[in-house]
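One-letter residues, chain by chain:
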Amino acid sequence: MHAGPDYSSLIASLRGSFASGRTRQLAWRDAQLAGLRRMLVEQEPVLIDALRRDLKESAFEAYLTDIGSVVAEIDRVRSHLPRWLKPQRVPTPWLVRPGTSRVIREPLGLALILGTWNYPIQLALSPLVPCLAAGNCAVLKPSEVAPHCSAALARFIPRYLDSECVAVVEGGVPETTALLEQRFDKIFYTGGSRVARIVMAAAARHLTPVTLELGGKSPCIVDTDANLAVAARRIAHGRFLNAGQTCLAPDYVLVHRDREEELLAALTGTIRDFYGEDPRDSEDFARIINQQHHDRLTGLLDSGTPVVGGDHDRSRLYIAPTVLRDVSPDSPVMQEEIFGPILPVLAVDGIEEAIDFVNRRDKPLVLYVFSESRETVVQVVDRTSAGGMCVNETLFHFVVPGLPFGGVGESGMGKYHGKWGFDVFTNPKAVLERGTRLDPDLRTRLDPDLRYPPYGARDRKIMRLGVAGLKESIRSRFRR
């Protein structure tokens, strides 16, 4: 029997706040979003310091990835929210005219948001933005693996948001387990597939809808006609940002055999351009989150031959940006998401082999392809499946407001960002509205048997004609 914290009183209180109706008002939603934005702006130095303590991120990367991106998302959502809240009119068929049909986006109720540690501010607050915009109450559980960021969120969110509608719960596995025993109306989880299965099993007990933002091994295909100078820079940036601790990072490269040596040389030069001769001295290269992850990653370094990097320092949680060659598809580094500054490069004989390699594995969160050939790009887009895709780029589809972000299969379920996120946290409620003045009965020219029993042979014949036949029958009756 679980002996962890009891959150039943907290959940009851939040449900009471939602039942009051206050969160449904546009003014409340906008005030929460404005408060969240104000928190990010006013507490930026404290949040950046927390990110530095947890991940050794540079101030530039910390603002770009964890703070600025959320501020931009808040601004977009606030500008569009009044339009998103307007009922959507849909055509009403002849069968139920006169009448009107519309879709109303209503809040789901109480949401649980489970954040993760690699971008601990952004990946906690990015789902909270559409959650609040949709008019929900929320319990936010930051990751205990990034303790300074978790403490900062727990400290500041009650100051800037409605504390009767939004709660922050800190802690580790016991606290998360206890929360999952409660009934929520939505669970949004960001993390790995192992814990995702636990979350889904817990949600199934209450039939709670779940969005899972996971990861996986996102491949990067480099074809024979790719611009390698550009490809090397964009791949290296995508792989080594935040020391590779990015769910979107290119996890491995499939390069045409004729260009392998050239790509490896370009990657080596790019890493030196980015981080200097010794990346441990670079202020722009982050560190591994803890010793457990450091040990896991160093165990993967023997999966190939280092072209550049390979050195590490456990006491400083440092692993150099590393490119591996001579990597077997069956090696340890190819069996799990790397989530660190290691990039395996595998040679293939052509685009067919690359596509087949990708399709024989779990569907990734993202697929990257570098090619100057439109035919090659079309082949990859049409014949592979992934949560998202970038052509001649890495990571940056994440910042396009109109694009849905999320995985497929093992890399996740559900999409968010922009309107997609608003939809995730709302129920599209169908509403048909009709008057009572026109209703078939014995005193009207409409045959009562067309809707109400008893039904005769003639009525069955009309109904077999379908809606078109019914429509014409009604028209003919009014013409008499």
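Residues numbered from 1 in each chain as written. Predicted model: local features only at pLDDT ≥ 70, side-chain atom pairs only at ≥ 80, totals over all residues. Heavy atoms only, no water.

Student: Whenever I open this one, the sheet that holds strand β14 (residues 342-348) confuses me. Can you help?
Tutor: Strand pairing in a sheet is mediated by backbone hydrogen bonds. Such pairs are either parallel or antiparallel. One open sheet accounts for seven strands, arranged β10-β13-β14-β9-β8-β15-β16; its pairing is mixed. Each edge of the sheet is formed by a strand with only one pairing partner; in this case those strands are β10 (305-308) and β16 (388-391). The mean inter-strand angle of the sheet, taken between neighbouring strand axes irrespective of direction, is 25°. Alignment of strand β9 (residues 252-256) against β14, held across four bridges, turns out to be parallel. For Val-253, the partnering residue across the bridge sits in β14 and is Val-345. Contacts between helix α10 (residues 260-275) and the sheet are confined to β8 (219-222), β9, β10, β13 (322-325) and β14, with β13 contributing the most and set at about 165° to the helix. (Pairing = 2+ DSSP bridges. Helix = DSSP H or I, 4+ residues; strand = E, 2+ residues; numbered from the N terminus. Axes fitted to C-alpha atoms, helices over the stretch in contact; angles between N-to-C directions. Contact = heavy atoms within 4.5 Å.)

Student: It is not clear to me how the confidence of the model for the protein chain should be interpreted in this structure. Could you clarify?
Tutor: Note: predicted coordinates in regions of low pLDDT should not be interpreted at a detailed level. The predicted model of the protein chain has a mean per-residue pLDDT of 93, with 93% of residues at 70 or higher. Low pLDDT (under 50) marks residues 442-449, which in the prediction has 19 contacts with non-local residues, meaning those over four places away or in another chain. (pLDDT = per-residue confidence, 0-100.)

Student: I keep staring at the pattern of salt bridges and nothing clicks. Help me out?
Tutor: It is possible for side chains bearing opposite charge to pair when their charged atoms get close. Taken as a whole and assessed by the stated rule, the structure comprises 29 salt bridges. Residues Arg-259 and Glu-262 are paired through a salt bridge, measuring 3.0 Å at the closest nitrogen-oxygen approach. Assessed through its relative accessible area of 44%, Glu-262 is described here as partly exposed. Its salt-bridge partner being Glu-261, residue Arg-325 comes within 2.6 Å of it at the nearest N-O pair. Here Glu-261 lies in helix α10 and Arg-325 lies in strand β13, a separation of 64 residues in the sequence. What you see here is one network of salt bridges that share partners, running through Glu-260, Glu-261, Arg-325 and Asp-326. (Salt bridge = Lys/Arg side-chain N within 4 Å of Asp/Glu carboxyl O. Buried < 20%, exposed > 50% of the residue type's maximum accessible area, 1.4 Å probe, protein only.)

Student: What is the right way to read the packing of aromatic side chains from this model?
Tutor: Centre distance and the angle of the planes are the two values used to describe a pair of aromatic rings. According to the stated counting rule, one finds ten aromatic pairs in the structure shown. Geometrically, the ring pair formed by Phe-188 and Tyr-416 is edge-to-face, given 4.8 Å between the ring centres and 70° between the ring planes. Of the two residues, Phe-188 sits in strand β6 (residues 186-190) while Tyr-416 sits in the loop between β17 (412-413) and α14 (418-424), which places them 228 residues apart along the sequence. Three or more aromatic residues joined by ring pairs make a cluster, and in this case those are Phe-188, Phe-398, Phe-405, Tyr-416 and Phe-425. Sitting over the ring of Phe-357, Arg-361 keeps its end group 3.6 Å from the ring centre. (Phe/Tyr/Trp six-rings, centres within 6.5 Å; stacked < 30°, edge-to-face > 60°. Lys NZ or Arg CZ within 6 Å of the ring centre and 35° of its normal.)

Student: Can you help me understand unusual backbone geometry in this one?
Tutor: The bulk of non-glycine residues show a negative phi, and the bulk of peptide bonds are trans. The residue after Arg-97, namely Pro-98, is reached through a cis peptide bond having omega -5°. Structurally, Pro-98 is set in the loop between β1 (88-90) and β2 (100-107). Of note, the phi angle at Leu-207 is positive, near 55°, even though the residue is not glycine. Mapped onto the elements of the fold, Leu-207 is located in the loop between α8 (193-204) and β7 (210-213). You can call Leu-207 exposed: its relative accessible area is 76%. Of note, Phe-339 is a non-glycine position whose phi angle comes to about 55°, a positive value. The topology assignment puts Phe-339 in the loop between β13 and β14. The class of Phe-339 is buried, set by a relative accessible area of 15%.

Student: Quick question: what am I supposed to make of α10 here?
Tutor: Along an α-helix, residues three or four positions apart point the same way, because every turn accommodates 3.6 residues. Here α10 is 16 residues long and its end C-alpha atoms lie 23 Å apart, about the 22 Å a rise of 1.5 Å per residue gives. Along α10, the positions that sit buried rather than exposed are Glu-260, Leu-263, Leu-264, Leu-267, Thr-268, Thr-270, Ile-271 and Tyr-275. The buried residues of α10 occupy one face: seen down the axis, they fall within an arc of 165°. Check the buried side of α10 and you find it contacts β8, α9 (228-240), β9, β10, β13 and β14. (Expected span 1.5 Å × (residues − 1). Arc of directions from axis to C-beta.)

Student: It is not clear to me how α9 should be interpreted in this structure. Could you clarify?
Tutor: With 13 residues, α9 should cover 18 Å at 1.5 Å per step; its first-to-last C-alpha distance of 17 Å lies within 8% of that length. Turning to α9, its buried residues number three or more, namely Leu-228, Ala-231, Ala-232, Ile-235, Ala-236, Gly-238, Arg-239 and Phe-240. A side-chain oxygen of the first residue of α9 lies 3.3 Å from the backbone nitrogen of Ala-229; this N-cap is Asn-227. (Polar contact = N/O pair within 3.5 Å; in protein donor to acceptor, adjacent residues only side chain to side chain.)

Student: Got a minute to help me understand the packing of helix α2 (residues 26-42) against helix α5 (residues 122-133) in this structure?
Tutor: Describing two packed helices takes the angle between their axes plus the distance from one axis to the other. Running from amino to carboxyl end, α2 crosses α5 at an angle of 155°, the nearest separation of the two axes being 8 Å. Here α5 runs roughly antiparallel to α2, going by the angle between their axes. Along its contact with α2, which presents Trp-28, Arg-29, Gln-32, Leu-33, Leu-36, Met-39 and Leu-40, the element α5 presents Leu-125, Leu-128, Val-129, Leu-132 and Ala-133. The residue inventory of the contact of α2 with α5, partitioned by class, reads ten nonpolar, one polar and one charged. (Parallel < 35°, antiparallel > 145°, perpendicular 65-115°, else oblique. Nonpolar A, V, L, I, M, F, W, Y, C, P; charged D, E, K, R; others polar.)

Student: Before we go on, may I ask you to explain the side chain of Thr-376 in this structure?
Tutor: Structurally, the position occupied by Thr-376 is in helix α13 (residues 374-383). At 3.2 Å, the side chain of Thr-376 and the side chain of Asp-223 are in polar contact. Those residues within four positions of Thr-376 in sequence are excluded, and the remaining contacts are Asp-223, Ile-351 and Ser-371.

Student: Could you clarify how one ought to interpret the environment of Arg-296 in this entry?
Tutor: Looking at where Arg-296 falls in the secondary structure, it is placed in helix α11 (residues 291-298). Along the primary structure Arg-296 and Gly-135 are separated by 161 residues, whereas in three dimensions their C-alpha atoms are 41 Å apart. Each residue touching Arg-296, except ones within four places of it in the same chain, is listed here: Glu-336, Glu-337, Ile-338 and Phe-339.

Student: Whenever I open this one, the nonpolar core confuses me. Can you help?
Tutor: Side chains of a nonpolar character, in soluble globular proteins, are inclined to be buried together. The biggest cluster of nonpolar side chains holds 136 residues, and the ones touching the most others in it are Leu-40, Leu-125, Leu-128 and Val-222. Beyond its immediate sequence surroundings of up to four residues, Leu-128 is in contact with Leu-36, Ile-113, Ala-138, Leu-140, Ile-157 and Leu-161. (Core = buried A, V, L, I, M, F, W, Y, C linked by side-chain atoms within 4.5 Å.)

Student: Explain the sheet that holds strand β4 (residues 137-141) to me, please; I cannot follow it from the model alone.
Tutor: On the basis of which strands lie adjacent, the open sheet formed by six strands has the order β5-β4-β3-β6-β7-β17 and mixed pairing. One side of each edge strand has no neighbouring strand; the edge strands of this open sheet are β5 (166-168) and β17. Relative to β17, β7 runs antiparallel, the two being bridged by two bridges. The residue bridging Leu-212 from the neighbouring strand is Met-413, located in β17. Sitting on the sheet, α8 is in contact with β3 (110-114), β6, β7 and β17, with an inclination near 175° to β6.

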